[in-house]
Number of protein chains: 2
Amino acid sequence: MPTSTVENYVKQIYLQQQSRAADLLPMGQLAAAMNVVPGTATAMVKTLAESGLVEYEPRGGIRLTEGGARLALHVLRRHRIIEAFLVDVLGLDWSQVHEEAELLEHVVSDKVLDRMDALLNHPQYDPHGDPIPTSQGDIAEQAILPLMSCKSGDQAIVARVSDQDPEFLQYIERHGLVPGTQINVSSLNTLADSVEVRLPKDKTVVLGSNAAAKILVRPHIAG
Amino acid sequence: MPTSTVENYVKQIYLQQQSRAADLLPMGQLAAAMNVVPGTATAMVKTLAESGLVEYEPRGGIRLTEGGARLALHVLRRHRIIEAFLVDVLGLDWSQVHEEAELLEHVVSDKVLDRMDALLNHPQYDPHGDPIPTSQGDIAEQAILPLMSCKSGDQAIVARVSDQDPEFLQYIERHGLVPGTQINVSSLNTLADSVEVRLPKDKTVVLGSNAAAKILVRPHIAG
DNA sequence: GTAGATGTTTTGAGTAATCAAAATAGTATG
DNA sequence: CATACTATTTTGATTACTCAAAACATCTAC
Ligand SMILES: [Mn+2]
Ligand SMILES: [Mn+2]
Ligand SMILES: [Mn+2]
Ligand SMILES: [Mn+2]
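Residues numbered from 1 in each chain as written. Chains lettered and ligands numbered in written order. Predicted model: local features only at pLDDT ≥ 70, side-chain atom pairs only at ≥ 80, totals over all residues. Heavy atoms only, no water.

### What about the protein's contact with DNA strand D?
Now for step 1: Taken together, the neighbourhood of DNA strand D is formed by 19 residues, with Thr3 and Thr40 of chain A together with Gly28, Lys46 and Tyr56 of chain B sitting nearest.
Now for step 2: Near the protein, within 4 Å, the atoms of DNA strand D are sugar or phosphate in 78% of cases.
Now for step 3: Tyr9 of chain A places a polar side-chain atom, nitrogen or oxygen, 3.3 Å from a phosphate oxygen of DNA strand D.
Now for step 4: In this structure, Val37 of chain A approaches DNA strand D through a main-chain N or O atom, which is 3.2 Å from a phosphate oxygen.
Now for step 5: Contributing elements (two or more residues each) for the surface near DNA strand D: helix H1 (4-19) and helix H3 (38-50) of chain A together with helix H2 (27-34) and helix H3 (38-50) of chain B.
Now for step 6: Looking at the surface near DNA strand D residue by residue, the class counts come to 9 nonpolar, 7 polar and 3 charged. (Near = heavy atom within 4 Å. Polar contact = N/O pair within 3.5 Å; in protein donor to acceptor, adjacent residues only side chain to side chain. Helix = DSSP H or I, 4+ residues; strand = E, 2+ residues; numbered from the N terminus. Nonpolar A, V, L, I, M, F, W, Y, C, P; charged D, E, K, R; others polar.)

Written out as structure tokens, the structure is:
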């Protein structure tokens, strides 16, 4: 059985590999993402390579093997179903569930996970809009774009909020930008580095590009 | 923060101290209960003593301090609420939940536990009939007796089944002896080392004294 | 094409938990 | 009371994970 640490590393390698273009993930990135010093990441990666979970090219970087990706998707499935369960069944705030799930994902059995999944009616997305892999390890690649890639006047639906910082999530919720919300890009100015969106009840929110980068939308053709 | 291991030791010391009469719990008992070799228990107990959770008398044994008992009851509360939640909300079998709770008890936050507790309507007992300590650390001491202490003809209600072996629990459930069941001691023979009980629908079950010792009942005055 | 700067690996060390097996203390037995 | 048995503690090792700091490799600039 993989330890919690191994599961966390493999999951993080998967997530980092998603967001970067390159084939090989540099050690420094991994160390930073895992909050460990570089030497620790090197040591760990060697044991991951021993277990056949990653391919390791010294001074080059790493990539997940087939088996590594399978494990990563398993952990991700657990994590996201647990998040959905904590929000929908236990009524926790979406800003808190990531941290909880970070621990629970390593101890919840398949049986318990299946029950949660059934109780939730086999959800496709977690509370932050991240897709939930199937138990077979298939994951839906959504056609979504960063908010800043819209043009003024565009209609869109908030699809995902890709940050786990509770403060940020609470701010987003207070202003009604949760996944599923229909929005209208009222003005987008790359020079001023900001975007204004109009929400259903004619409220408006202004976000700088750093914040807007965390909001991913599904373009929506009006009418 | 105490590690999972520390929590497991302290909880086990509490449980062992309950079931034995003596004030000091011998090292051997603890080692056996924790499934470790005696040397491991000695090493661990020294660190528990350092942390002020137990008093340790070398070659005598150990006893929980005030703080140790508080921690034990906290863990026990978590364990039992989780068990109740897994059975009542997720629909797991009562024979399986002990093992699940053994892991979950160390990672479920206070917030999540409170939600579970509320959703269950603040249960007093877990699925096996064990009392759930309050968040203040108070635990109801029930006036219950081993089944073998009854006399032929006695009425009683099954209050607790004190074994976590899934096979045994499944057997008990198949024969309808779950907590809450009204029973009638139709014959009890100490020489033959066995007891026969009659259940609501006139079914009967025979148990040897070893099995009967795990069934605790609340005597019930008929009429 | 040598000199830095940057990123990575190595080395040495520490914590938490465990086991196997030797040493020791305490108790019971002839 | 000496011997033997039993329970407990000690000692020496191992596994998993981590950090600090030194050593090393690679790429960049001048
Ligand atoms: Mn995790
Ligand atoms: Mn999420
Ligand atoms: Mn446990
Ligand atoms: Mn129980």
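Once you've had a look at it, read on.
### Here we look at the interface of chain A and chain B
Now for step 1: On the side of chain B, 18 residues touch chain A, which itself brings 18 residues to the contact.
Now for step 2: For the pairing of chain A and chain B, the buried interface totals around 1500 Å² over both sides, and the portion due to carbon and sulfur atoms is 70%.
Now for step 3: Three residues, Leu90, Val107 and Arg115 of chain A, lead the burial of chain A against chain B; their summed loss comes to 34% of the area buried on that side.
Now for step 4: Joining chain A to chain B, the criterion identifies 0 salt bridges.
Now for step 5: Between the two partners, chain A and chain B, sit 6 residue pairs in polar contact (both at pLDDT 80 or more).
Now for step 6: Looking at the side of chain A that touches chain B element by element, the count peaks at 5 residues for helix H6 (residues 110-119) of chain A.
Now for step 7: Taken together, the residues of the side of chain A that touches chain B sort by class into 12 nonpolar, 3 polar and 3 charged. (Contact = heavy atoms within 4.5 Å. Buried area = accessible area lost by both parts, 1.4 Å probe. Salt bridge = Lys/Arg side-chain N within 4 Å of Asp/Glu carboxyl O.)

### Re the coordination of the manganese ion (ligand 2)
Residues and elements named next belong to chain A.
Now for step 1: Bound to the manganese ion (ligand 2) on the protein side are Glu83 (OE), Asp126 (OD) and His128 (ND1), at distances that span 2.1 to 2.3 Å.
Now for step 2: Counting gaps between the donor residues of the manganese ion (ligand 2) yields the pattern E-x42-D-x1-H.
Now for step 3: Under the relative-accessibility criterion, Asp126 is labelled buried at 6%. (Donors = N, O, S within 2.8 Å, 3.2 Å for Na, K, Ca; no water. Buried < 20%, exposed > 50% of the residue type's maximum accessible area, 1.4 Å probe, protein only.)

### Regarding the pattern of salt bridges
Side-chain pairs of opposite charge can arise where the charged atoms are in close proximity.
Now for step 1: According to the stated counting rule, one finds 20 salt bridges over all chains in the structure shown.
Now for step 2: In this structure, the salt-bridge partner of Lys11 of chain A is Glu105 of chain A, at a minimum N-O distance of 2.9 Å. Pair noted here: Lys11 of chain A is in helix H1 and Glu105 of chain A is in the loop between helix H5 (97-104) and H6, with a separation of 94 residues, a long-range link. No difference in accessibility class separates Lys11 of chain A from Glu105 of chain A, as the two residues are buried.
Now for step 3: Glu102 of chain B is paired through a salt bridge with Lys11 of chain B; the nearest N and O atoms lie 2.7 Å apart.

### Some details on the protein's contact with DNA strand C
Now for step 1: As a matter of local geometry, DNA strand C sits amid 19 residues, with Gly28, Lys46 and Tyr56 of chain A together with Thr3 and Thr40 of chain B nearest to it.
Now for step 2: Each atom of DNA strand C within 4 Å of the protein belongs either to a base or to sugar and phosphate, the latter forming 76%.
Now for step 3: Between DNA strand C and the protein, one listed contact pairs a phosphate oxygen with a side-chain N or O atom of Thr42 of chain A at 2.9 Å.
Now for step 4: If one sorts the elements of the surface near DNA strand C by residue count, H3 of chain A sits on top with 4 residues.
Now for step 5: Considering only residue class, the surface near DNA strand C consists of 9 nonpolar, 7 polar and 3 charged.

### Quick notes on the sheet that holds strand S4 (residues 155-161) of chain A
Strand-to-strand pairing in sheets goes through backbone hydrogen bonds, with the strands running parallel or antiparallel.
Residues and elements named next belong to chain A.
Now for step 1: Taking strand neighbours across the sheet as the criterion, the 6 strands line up as S3-S8-S4-S5-S6-S7 in an open arrangement whose pairing is antiparallel. Strands at the two margins of the open sheet, each flanked by one partner only, are strand S3 (145-146) and strand S7 (204-208).
Now for step 2: In this structure, strand S6 (residues 194-198) lies alongside S7, joined through 5 bridges in antiparallel fashion. By the bridge assignment, Arg198 is partnered in S7 with Thr204.
Now for step 3: Taken strand by strand, helix H7 (residues 166-174) contacts S4, S7 and strand S8 (215-219), and its axis lies near 150° from that of S4. (Pairing = 2+ DSSP bridges. Axes fitted to C-alpha atoms, helices over the stretch in contact; angles between N-to-C directions.)

### Points about the domain arrangement of chain A
Now for step 1: Assigned domains within chain A: domain 1 (4-64) and domain 2 (145-219).
Now for step 2: The gap between the C-alpha centroids of domain 1 of chain A and domain 2 of chain A is 32 Å. (Domains from an automatic or database assignment.)

### Focus: the sheet that holds strand S5 (residues 182-189) of chain B
Residue and element names in this part refer to chain B.
Now for step 1: With antiparallel pairing, 6 strands are arranged side by side in an open sheet as S3-S8-S4-S5-S6-S7. Every interior strand has two partners, whereas the edge strands, strand S3 (145-146) and strand S7 (204-208), have only one.
Now for step 2: The strands that helix H7 (residues 166-174) touches are strand S4 (155-161), S7 and strand S8 (215-219); relative to S4, the one it contacts most, it runs at about 150°.

### Let's talk about the side chain of Glu83 of chain A
Residue and element names in this part refer to chain A.
Now for step 1: Here Glu83 is to be found in helix H4 (residues 66-88).
Now for step 2: Buried and unpaired, Glu83 has no salt bridge, with Arg80 as the nearest side chain of opposite charge at 6.0 Å.
Now for step 3: Those residues in contact with Glu83 that lie beyond four places of it in its chain are Val97, His98, Ala101, Asp126, Pro127, His128 and Gln164. (Lys, Arg positive; Asp, Glu negative; His and termini not counted.)

### Some remarks on the relation of the copies chain A and chain B
Now for step 1: Least-squares fitting of chain A to chain B yields an RMSD of 0.0 Å, with the transformation described by 0.0 Å of translation along the axis and a rotation of 180°. Accordingly, the operation relating the two chain copies is best matched by a two-fold axis. Relative to the rotation axis, the C-alpha of Leu104 of chain A is the closest in chain A, positioned 3.7 Å from it.
Now for step 2: A high fraction, 100%, of the interface residues of chain A reappear at the interface in chain B, so the copies pair face to face through one surface. (Least-squares fit on C-alpha atoms with pLDDT ≥ 70 in both.)

### Concerning the pairing of strand S2 (residues 61-64) of chain B
Along any regular strand, the residues point their side chains to alternate faces of the sheet.
Residues and elements named next belong to chain B.
Now for step 1: Side chains of S2 alternate between two faces, with Gly61 and Arg63 and Ile62 and Leu64 buried alike.
Now for step 2: For strand S1 (residues 54-57) and S2, the ladder comprises 4 bridges, and the chain directions are antiparallel. Within S2, the position partnered with Tyr56 by the bridge is Ile62.
Now for step 3: Hairpin connection, S1 to S2: the antiparallel pair is bridged by 3 residues, and Arg59 has positive phi, about 65°.

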